[in-house]
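Coordinates in review
So the chains spell out like this:
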Amino acid sequence: MTSPRGGGRLIATAALAVAAVLGLAGCTASGNEVDTGVKNQALWTMPLDEFVVYSPQLDNYAEQLLISDCLGAQGFEWPVPWQDTEYPRAEDFNRVGLRLFNLELAKKWGYHFAQLENPESAELWLEFTETVDSYFPNQELDDALAACTDEIRAKDKDNASNFDGLNYNAQLSFQAWNIAEQDPDVVNAVKAWRECLAPQVDYEVTQEQPWEGAPHEVTKKWGAVTGSPTPPSAEEIAAAVADAECQDSSGWSALWYERNWQEQVKLLEQNRDKLDRIRADAIERKKKLLTIVAENAPPAP
């Protein structure tokens, strides 16, 4: 989430934005030349995951705390709340922020987004953004906010490299993604998935790839949107379950996972030195950000 009035920064990487759909759990990792982690198809674990350390959310939170101190010294209120710096995700997102979809999730949520088990941190942040948005228009505060933000960022010399590192990892992931998508066996499995699903749902299967989910107009009708408080209908559950089952029976889910894994292993081997530097820089950045939070954040509720 970006901070109000442009005070924060949020990198929008493709890897965090695309909703990937996954099948059932895979097997343990085979012996590769590099440490590629442990395969888990249900959680869509990938070899490049180990290099995703930097958190734009944590970076934004630390910056907002510093902005709050700066504005407070000038007599302005900027009530940044406590945040859970682990940023726990709902069960339909994996550790690196990719959306998950499989039979178990389909039976429980349909195409709906899963709800956080403990939403307090997210709710406090939403309340904060709504509160400070209500302060505007206020030219004096706007000018002070811009000045504080510029001052804080001028002192922060290493921020851009971490955004660049996150984007670099995302680019590699999508390079693997695009190669896997063109694999002949995957292409044939997509065709088999479509033939399996089409007679089982009441909408036209127009999506090109299974990971796209149901068409937008259909999910919108079902209310399957971010933050929706309504539970999925029986119709939606039935369609989602059919979708997940066809992804598995067509062979697509297993092939899609395996081909992505294979391509990421190749890219990891080719880019290991740069990825190691990205991870090392991100680890140092995280330490710095957590120190800022520890020194400036309000206590947990």
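The coordinates are above.
To keep things clear, this report deals only with the structure shown in the data block. (Residues numbered from 1 in each chain as written. Predicted model: local features only at pLDDT ≥ 70, side-chain atom pairs only at ≥ 80, totals over all residues. Heavy atoms only, no water.)

Across the interface, helix α7 (residues 184–197) lies against helix α9 (residues 234–249) with an axial gap of 9 Å and an inter-helix angle of 145 degrees. Crossing geometry of α7 relative to α9 is assigned as right-handed. Facing α7, whose interface residues are Trp193, Cys196 and Leu197, α9 presents Ala239, Ala242, Asp243, Cys246, Gln247 and Ser249. The class makeup of the residues in the contact of α7 with α9 is six nonpolar, two polar and one charged. (Axes fitted to C-alpha atoms, helices over the stretch in contact; angles between N-to-C directions. Helix = DSSP H or I, 4+ residues; strand = E, 2+ residues; numbered from the N terminus. Left-handed = near helix turned anticlockwise from the far one by under 90°. Contact = heavy atoms within 4.5 Å. Nonpolar A, V, L, I, M, F, W, Y, C, P; charged D, E, K, R; others polar.)

A word on the state of the cysteines. The term disulfide refers to a covalent linkage connecting the sulfur atoms of a pair of cysteines. Here the structure, examined in full by the defined rule, presents two disulfides. Paired by a disulfide, cysteine 70 and cysteine 148 hold their sulfur atoms 2.1 Å apart. Judged by the torsion about the S-S bond (-80 degrees), the cysteine 70/cysteine 148 disulfide is left-handed. Taken together, the positions of cysteine 70 in helix α2 (residues 56–72) and cysteine 148 in helix α5 (residues 139–155) put the pair 78 residues apart, joining distant regions of the chain. Note on accessibility: cysteine 70 and cysteine 148 belong to one class, buried. Note on cysteine connectivity: cysteine 196 is disulfide-linked to cysteine 246, with sulfurs 2.0 Å apart. Across the S-S bond linking cysteine 196 and cysteine 246, the dihedral sits near -70 degrees, which makes this disulfide left-handed. Residue cysteine 196 is located in helix α7, and its partner cysteine 246 is located in helix α9; the two are separated by 50 residues in the primary sequence. (Disulfide = S-S within 2.5 Å. Buried < 20%, exposed > 50% of the residue type's maximum accessible area, 1.4 Å probe, protein only.)

Let's shift gears to the packing of α7 against helix α10 (residues 252–296). Closest axis-to-axis distance for the α7/α10 pair is 9 Å, and the angle between their directions is 155 degrees. Of the possible angle classes, the one that applies to α7 and α10 is roughly antiparallel. Crossing of α7 against α10: the hand is left-handed. Across the interface between the two elements, Asp185, Val186, Ala189 and Val190 from α7 touch Trp252, Leu255, Trp256 and Arg259 from α10. The residue makeup of the contact of α7 with α10, split by class, is six nonpolar, no polar and two charged. (Parallel < 35°, antiparallel > 145°, perpendicular 65-115°, else oblique.)

Quick look at the nonpolar core now. Of all hydrophobic cores here, the largest spans 40 residues; its most connected members are Trp44, Tyr111, Leu197, Tyr203, Trp222, Trp252 and Trp256. For this core, the secondary-structure elements that each account for two or more residues are α3 (103–109), α6 (159–181), α7, α8 (216–222), α9 and α10. When residues in this core are grouped by element, the largest group, seven residues, is from α9. In contact with tryptophan 222, not counting residues within four places along its chain, are Tyr111, His112, Tyr203, Ala214, Ser233, Glu235, Glu236 and Ala239. In this structure, Ala62, Trp78, Tyr87 and Cys148 belong to the second largest nonpolar core, which totals 23 residues. (Core = buried A, V, L, I, M, F, W, Y, C linked by side-chain atoms within 4.5 Å.)

All right, on to the side chain of asparagine 271 then. Mapped onto the secondary structure, asparagine 271 falls in helix α10. Side chain to side chain, asparagine 271 and tyrosine 168 meet in a polar contact 2.5 Å long. In contact with asparagine 271, other than residues within four places in its own chain, are Tyr168 and Leu172. (Polar contact = N/O pair within 3.5 Å; in protein donor to acceptor, adjacent residues only side chain to side chain.)

Omega for the peptide link from phenylalanine 136 to proline 137 comes to 5 degrees, which places this bond in the cis form. Looking at the element boundaries, proline 137 is found in the loop between α4 (120–133) and α5. Even without being a glycine, tryptophan 44 presents a positive backbone phi close to 50 degrees. Along the chain, tryptophan 44 falls in the loop between α1 (14–17) and α2. Relative accessible area serves as the criterion here: at 4%, tryptophan 44 is assigned to the buried category. Here tyrosine 87, not a glycine, exhibits a phi torsion of approximately 45 degrees, which is positive. Along the chain, tyrosine 87 turns up in the loop between α2 and α3. On the basis of relative accessibility, which here comes to 14%, the residue tyrosine 87 falls in the buried class.

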